[in-house]
Structure formats: C-alpha cells, structure tokens
Amino acid sequence: MNILYNGSMNSLLRINFFNINKESIKYICILLIFLVLPLIWGGCVKEEAITNPEEIPQPDPVDENDLMDRVLRIDILSMDVKLEYIPDEDVLTGESTIEFRMRPNQTIPLIHFDPAGSDTIGTIILNGVELDFNDPSDVKMISFDETTQDGVELLRECGNDKINILTIKYRIGYSNSYKSFYSNVNDIYGVGNEVIFPSINCPSDLSKHKMTFSVVSDKDYSFIGSGKVVETGSNKNRKWVLDTEREVASYTIMWMMVPEEDIDFEEREVDGIDVRIMTYKDSVSIDSAFEILESWLPELRANIGMFPMERGLDVFLTQRGGGMEYFGATITSLSALEHEVFHMYFGCSVVAKTYRDSWWDEAINMWYEYSAAGSVSPVNQNFSSNIVSGRTPVSVGFDDRAYGDGARVIESIAIEMGGRDTFIAFLNHLYSNYTFSPFNTFELVEYIFNYSGIDFEDKIINWLYKGTRVYYSASGTEGRDYHKVDMTPPYEIVKKYKRK
Ligand SMILES: [Zn+2]
C-alpha cells in the first residue's frame, strides 16, 4: 500500500510486549522496569496510569505463537472459491470450499468472514455435517480482545491429525456504481479479502487459492488477476479461473472484472516478464506505465533478483491516489506504480509473519526510494517507538509510521552495515533465502546478524518496541477516506452509469 499524506497522532500510554520467542528474559526485565518504575517515581506517572483503564500496561508478556494459535485457530491449506457477480442486482453469490488443519492445541475452528449473517449465509457444511448459522449450538460469532477481526466459530470438534473440509455458500450485497467487481484490500485499515470470501486475514496464513469468477450480465466483461488466469466460455458466458499455483496470503489475491467497453488493455513483455496493463478507457496512458516498468523491472532484477511471479505482472491503473500491492498484481496510480511493484519482492513474496511485522516491507520499500534520492536520514540516538509492540501479533493492519520512521530505522541499519549498496546486497540475500517463509521482526534482526555480524537487537527494541504512542491503522485511521485506493473512472464512464 502506498500513502500520500501524514496523519495525526494519538497519544496513549499502553505498553505491550508480546514478542518473546527469542529474548523472553530480556522482555520480562523490560516489562518489570515499566511496571516497577512508576511505583518508584510515584506521583504523576502512577496517577496517569489509572485515569484510563486502557492506559494500564499489559500485565504479562504473551507468547506470540501461542496467541496466534488461540486467535487464528486454523491453518488453511487450500481454498476453492466460486464467485458470481450479478451487477444488475448489486449481488454477489459465493461458494467456498476450504481445506484446513487445526493449529496446535486448538479443536474448535473459526473463519474470518466479514459479511457473515443470517441474511447472507446459505449453507455451512463442516466435514460432511450441515451446520445451522442461526442455531447457537452450531455457529457463533466471536470477537477477541486482541484484534478487530471477528470470527465465525463453528462449534464442532476437529482433530489436529486430519485435514478438515468446510464449505460455505452465501449471497451478499455488492454495490458498485461502475458495475465492476474487484479486490479492495486495505492493509493499513486491516481489511483483507474476508469481506468477499471466508479466509484467515493474516500475512503468514499461506494457502493455495483457486478462484472461479463469473458474471451475469448483458455486457461482455474483461478480467485480470493474480496468478494463472484461464478464461473459458465466450461473450456473456465467460468464466475466469484464477489459480495462484502456490501458497499465498488471502489478502494478496487481486482481481478486476470490468465491462469490456469501459477499458483499455495491453499486454507486452518487459525484461522477460509478461505484463498486462488494464485501465479505464481514455484515462491513464498505458504507454507511460510500460515506460516506467521498462527501467524499473530491470533495476529490481539486477539489485534484488528475478521477478518473483512466473506468471508475470497484472496492473490495473487508476487515475489518481495511491495503490495496493497483491500477489503478482497491483491496482495503482501511475505515481505509485514503482512502489507497488517493489512490493512484489517485499510484502508479497518475502512475507511478514504478522501485520505488525509488516512495518519492514513498507520501511524497506520507502528506504529504497528515499535513499536513491538521498532524502532519508537515520533515526537519532534516542529515537524510540512502539511501531511493533503497540499492538498484538493478531491485530490487523499495520502502523503507518512504517513509511517515515520505519525508512529511517532501515537507513540507520544500512549505514552501520556499510551503506546503500551493502544493504541492497543484503536485500538480495533476504529475497534469495526467505521467499514465502514468513518471519517476524526479531527473525529479521537474526538474519541481519547472520549476514553482517552486527547485532541490532538492543537498538531494535528501542526503535520499535518502546515508546508509548498508540498510532495504528485499526483505530488511528478510521474514517480517513484518503487511505483508500481511488477507483473512480473518468467522467464519461461515471456519466454512463449515472443515467441508468
Ligand atoms: Zn506500500
């Protein structure tokens, strides 16, 4: 995701240390200091801490893996999703079959599905048994303190030793003024594709996706999307089968289905990569996009490695605003195109373990851009923030301080490692060795140590695990439309659909 503004900040005293997989003793010590110091200092600190229950520090460090198991519960292996878009009725029907295993010590499965409700869910079948969404002994909507992501809990015991199969059929409202149907993920808000099909909204829940798209309309439609896309049928009976061919995070699946009469489309090979670019008719220059890619793709190949997605790159160009990266695809403006394509390497194939760890994919991305222009300065000696520890590992959305402060943290690391070229060589190493192997912030620190012999752990704790400011997507950016990708077509298209 690319953003183009600086937001306001909330100040709140809240300290979370959830990441204890490596240096748990150190964390406990730090936590004790935070708990004990206010008692020693007394007075204002103590008083402040009790004025608002939210300001009381978290009592105990929590094991990250255990928390993820408890909150996410299942590990999805594969998804087969059939989606039919009915533009004239503003309706979408879906049938999703999910193969999953229970995560360690979990027995009752759940799934994220935002539109779940008695008016949307048709059938739920779990391991051959039909469950009634309206029967509280079958299905329950649940929420967790640690995350804004609600779950649909399916009240049947599932063993750890087998693959479980869940099928959900549903019908949801899908209103779109321009009669197009597209993925609309916003990782800053934490909104993934669970608004369209049941999934687990977490960067490290990787699974194979096969998705079949169809449309009921008098119009011919065109389609681009992530992975391998095969078109079947003709004219108004077209179907598109999207196959990711490998395990990817659900929130990185992109598709764009739009009336053919409203688009321009061109496919070219750039630096050996198949690139398909679609945009609204008579809007953005497809040539300009290809021109950018003609230099950008070879640069990234030379510096970081071969383009990660063998099926190439699908781009839907919007007229303005930022963009969003997906697996082998992006919906973006021209100005954010380079940023989103960089995410094919960091964000979509080198993957963060949790959303809170995904600060580094934005930070590395922004650092690469800023450092090329010589416009990034390292953080100062006393810099501290809670970009990572301000939230739990299961919170969705990342902290958008990643763009500015995060890039400066990377610059500090790069300088100590030997400069821009050395850090780019490290990015090449990271990309070569850890693609589709999700890792968290402390694992990144370990990889840097193994590569350079420099231990950044103490500094990283200070830079990313201290400080008291809560400023993150789920609460901090609510209602800010300017975070969203702007899909508005040119006026000629807007006008056409307004008349109806
Ligand atoms: Zn981004």
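The coordinates are above.
As a starting point, this report considers the structure included with it.

About the criteria used
Residues numbered from 1 in each chain as written. Predicted model: local features only at pLDDT ≥ 70, side-chain atom pairs only at ≥ 80, totals over all residues. Heavy atoms only, no water. Helix = DSSP H or I, 4+ residues; strand = E, 2+ residues; numbered from the N terminus. Contact = heavy atoms within 4.5 Å. Polar contact = N/O pair within 3.5 Å; in protein donor to acceptor, adjacent residues only side chain to side chain. Pairing = 2+ DSSP bridges. Salt bridge = Lys/Arg side-chain N within 4 Å of Asp/Glu carboxyl O. Buried < 20%, exposed > 50% of the residue type's maximum accessible area, 1.4 Å probe, protein only. Expected span 1.5 Å × (residues − 1). Arc of directions from axis to C-beta. Donors = N, O, S within 2.8 Å, 3.2 Å for Na, K, Ca; no water.

Below, the discussion takes up the environment of glutamine 319. The residue glutamine 319 is located in the loop between strand 18 (313–317) and strand 19 (323–326) in this model. As for glutamine 319 and tyrosine 280, which are separated by 39 residues in sequence, their C-alpha atoms are 8.4 Å apart. Look past the residues within four positions of glutamine 319 in its chain and what remains in contact with it is Ser283, Val284, Thr488, Pro489 and Pro490. A distance of 3.1 Å separates the side chain of glutamine 319 from the backbone oxygen of threonine 488, its partner in a polar contact. Only 3.3 Å separates the side chain of glutamine 319 from the backbone oxygen of proline 489, close enough to count as a polar contact.

Now for the sheet that holds strand 9 (residues 181–182). Pairing between sheet strands relies on hydrogen bonds along the backbone, with the strands arranged either parallel or antiparallel. Spatially, three strands are ordered 9-15-11 in an open sheet, and the strand pairing comes out antiparallel. Two strands lie at the open edges of the sheet, namely strand 9 and strand 11 (221–225), each paired on one side alone. The pairing of strand 9 with strand 15 (residues 255–259) spans two bridges and is antiparallel. When the sheet's bridge partners are listed, phenylalanine 181 is paired in strand 15 with methionine 257.

As a further point, take the side chain of serine 250. Within the secondary structure, serine 250 sits in the loop between strand 14 (248–249) and strand 15. In terms of polar contacts, serine 250 uses its side chain to reach the side chain of histidine 209, at 2.7 Å. If we ignore the near neighbours within four places in the chain, the residues touching serine 250 are Met79, Asn193, Phe197, Ser199, Ile200, Asp205 and His209.

Under the definition given, this model contains 27 salt bridges. Aspartate 314 is the salt-bridge partner of arginine 276, the closest N and O atoms lying 2.8 Å from each other. Here the residue arginine 276 occupies a position in strand 17 (residues 273–280), and aspartate 314 occupies one in strand 18, the gap between them amounting to 38 residues. Overall, aspartate 314 belongs to the buried group, its relative accessible area being 3%. Bridged by salt links that share partners, the residues Lys219, Glu261, Asp262 and Lys496 form one connected network.

Looking now at helix 8 (residues 420–434). The terminal C-alpha atoms of helix 8, which comprises 15 residues, lie 21 Å apart, in line with the 21 Å expected from a rise of 1.5 Å per residue. Within helix 8 the residues assigned to the buried category are Phe423, Ile424, Phe426, Leu427, Leu430, Tyr431 and Tyr434. Each buried residue of helix 8 lies within a common arc of 155 degrees when the element is viewed along its axis, so the set occupies one face. Residues Asp421 and Ser432 are exposed on helix 8 and point more than 90 degrees away from its buried face. Buried positions along helix 8 lie against helix 4 (286–303), helix 6 (359–372), helix 7 (405–417) and helix 9 (441–452).

Every protein donor of the zinc ion is accounted for by Met1 (O), His339 (NE2), His343 (NE2), Glu362 (OE) and Glu362 (OE), and the metal-donor separations fall at 1.9 to 2.3 Å. The sequence pattern formed by the donor residues of the zinc ion is M-x337-H-x3-H-x18-E. Of the two residues, methionine 1 is situated in the segment before helix 1 (24–41) and histidine 343 in the loop between helix 5 (337–342) and helix 6; the sequence distance between them amounts to 342 residues.

Below, the discussion takes up the sheet that holds strand 6 (residues 139–144). Strand order in the open sheet formed by three strands is 3-7-6, and the pairing between neighbours is antiparallel. Strands at the two margins of the open sheet, each flanked by one partner only, are strand 3 (110–111) and strand 6. The pairing of strand 6 with strand 7 (residues 147–154) spans five bridges and is antiparallel. Looking across to strand 7, one finds that phenylalanine 144 is bridged to threonine 147.

Distances and angles like these do not, on their own, reveal function.
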